[in-house]
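Structural features, examined
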Amino acid sequence: MIFGACNATDNLTSPTDQPVASPDPVGTADAPSLSTSFRGGIPMGAFALPTTLFGAPFNGGFRNIWPGELVKELSAIRARGGKVVLMFAGNERYYKDGAHHFSLDRWKSRVSRFKGVNFSQFVTDGTIIGHYLIDEPNDPHNWGGRPVPGSTVEQMAQFSKQLWPNMSTVVRAEPGYLLKTGHGYRYLDAAWAQYVTRKGTPGDYIKRNVADAQRAGLSLVTGLNISKGGPGGGRMSSSLIRSAGLTLLSSSYPCAFISWQYSSYFVSGSVLTAMKDLRAKAQSRSTKSCRS
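Residues numbered from 1 in each chain as written. Predicted model: local features only at pLDDT ≥ 70, side-chain atom pairs only at ≥ 80, totals over all residues. Heavy atoms only, no water.

**Observations regarding the nonpolar core**
Ranked by size, the top nonpolar core spans 84 residues in total, and within it Trp107, Phe119 and Ile241 carry the most contacts. Excluding its chain neighbours within four sequence positions, the residues that come into contact with Ile241 are Leu224, Ile226, Met236, Leu246, Tyr265, Val271, Ala274, Met275 and Leu278. (Core = buried A, V, L, I, M, F, W, Y, C linked by side-chain atoms within 4.5 Å. Buried < 20%, exposed > 50% of the residue type's maximum accessible area, 1.4 Å probe, protein only. Contact = heavy atoms within 4.5 Å.)

Structure below.
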């Protein structure tokens, strides 16, 4: 697993499942633009970032929000100058079959809960970075010993585009895996490369993943596994956060920088200082969408 023992969707599931009705009217002519309160650069933040912490130094994050709360939460995030990657399917336990394998039909059912929520304004103004389709499809441990190939991820992306044509589709898998297990990506927009020290030096890691993303015709989200990506699978130090993060952000290719995962560690002492340095670097980058 790229993050270690925890999945991105753990403890982030919806509190309940309410029925939804009509489709979201996102027109194909709508083009993403900049949120009026976003300060430029690329979004920088963390998984599970509380809404109240969007602003400084974090202007980006990952969230799994219940359909009934989505518009209110997105409005609050936008008002604080933030952008967010959204997970609609929730925890993977909801879309596994009896053998713990991935079920595309069950996944579609989970995503369809959002069809009746009109959030088109947040797609158009760029508040939504993208739709996070699935976490670590490459890890057999997650899926009963049967990884989810890139070809299936492309089917998921196609389903998302049928519902929301202008919303970017994102998968948390390195582009190298997607190259090996699928090809000709038309509906999938972005891969995700989350750095851990066991993957080599930050410089080599970002160069390899950018090259693979370019070959696959995909955009790239990056970030750090701060919780479990340090030496020996431990937490990253503030000095490692700063040095590795600045190296990843030195590439002009990634469209967002989102790290695993928010805790009080992010907002205290030398770690907070490192985060401010990463925000400054991210803000110096040219703003770009995560569309492929």
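**Brief notes about the environment of Arg242**
Structurally, Arg242 can be placed in helix H7 (residues 238-249). Placed 36 residues apart in sequence, Arg242 and Leu278 show a C-alpha to C-alpha distance of 6.8 Å. Leave out the neighbours within four places in its chain, and Arg242 touches Ser270, Thr273, Ala274, Asp277 and Leu278. Side chain to side chain, Arg242 and Asp277 meet in a polar contact 2.7 Å long. (Helix = DSSP H or I, 4+ residues; strand = E, 2+ residues; numbered from the N terminus. Polar contact = N/O pair within 3.5 Å; in protein donor to acceptor, adjacent residues only side chain to side chain.)

**Some details on helix H4 (residues 150-163)**
In this model, H4 (14 residues) spans 20 Å end to end at C-alpha, consistent with the 20 Å of a helix rising 1.5 Å per residue. Across the 14 residues of H4, 10 count as buried, placing the element largely inside the fold. Buried within H4 we find Gly150, Thr152, Val153, Glu154, Met156, Ala157, Phe159, Ser160, Lys161 and Leu163. On its buried face, H4 is in contact with helix H2 (104-111), strand E4 (128-135), strand E5 (169-172) and helix H5 (175-181). (Expected span 1.5 Å × (residues − 1).)

**Focus on the pairing of strand E3 (residues 83-87)**
With 5 of 5 residues buried, E3 lies mostly within the body of the structure. The alternating pattern of E3 places Lys83, Val85 and Met87 and Val84 and Leu86 on opposite faces, both of which are buried. Here strand E2 (residues 60-63) runs beside E3; their pairing, made up of 4 bridges, is parallel. Bridge pairing in E3 links Gly60 to Lys83. Between the parallel pair E2 and E3, the chain is carried across by helix H1 (residues 70-79), and the sense of this crossover is right-handed. Summarising the sheet, E3 and E4 pair through 4 bridges and their orientation is parallel. For Leu86, the partnering residue across the bridge sits in E4 and is His131. (Pairing = 2+ DSSP bridges. Right-handed = clockwise from strand over helix to strand, strands pointing away.)

**Here's the deal with the environment of Asn138**
By secondary structure assignment, the location of Asn138 is in the loop between E4 and H4. Expressed as a C-alpha distance, the spacing of Asn138 and Gly150, which sit 12 residues apart in the sequence, is 8.7 Å.

**Some remarks on the packing of H7 against helix H8 (residues 269-283)**
Packed helix pairs are specified by the crossing angle of their axes together with the interaxial distance, meaning the distance between the axes. One way to put it is that H7 packs onto H8 with a least axis distance of 9 Å and a crossing angle of 10°. Regarding the angle of H7 to H8, the classification is roughly parallel. Contact with H7, carried on its side by Ser238, Ile241, Arg242, Gly245, Leu246 and Leu249, involves Ser270, Val271, Thr273, Ala274, Met275, Asp277, Leu278, Lys281 and Ala282 of H8 and no other residues of that element. When its residues are assigned to classes, the contact of H7 with H8 shows 8 nonpolar, 4 polar and 3 charged. (Axes fitted to C-alpha atoms, helices over the stretch in contact; angles between N-to-C directions. Parallel < 35°, antiparallel > 145°, perpendicular 65-115°, else oblique. Nonpolar A, V, L, I, M, F, W, Y, C, P; charged D, E, K, R; others polar.)

**Considerations on unusual backbone geometry**
With omega at 0°, the peptide bond leading from Ala56 into Pro57 counts as cis. By the secondary structure assignment, Pro57 is in the loop between strand E1 (44-47) and E2. A positive phi angle, near 70°, is found at His100, a position not held by glycine. Position of His100 among the secondary structure elements: in the loop between E3 and H2. For Glu136, which is not glycine, the phi torsion reads 50° and is therefore positive. On the secondary structure map, Glu136 appears in the loop between E4 and H4.

As far as function goes, none of this settles anything; it's purely spatial.
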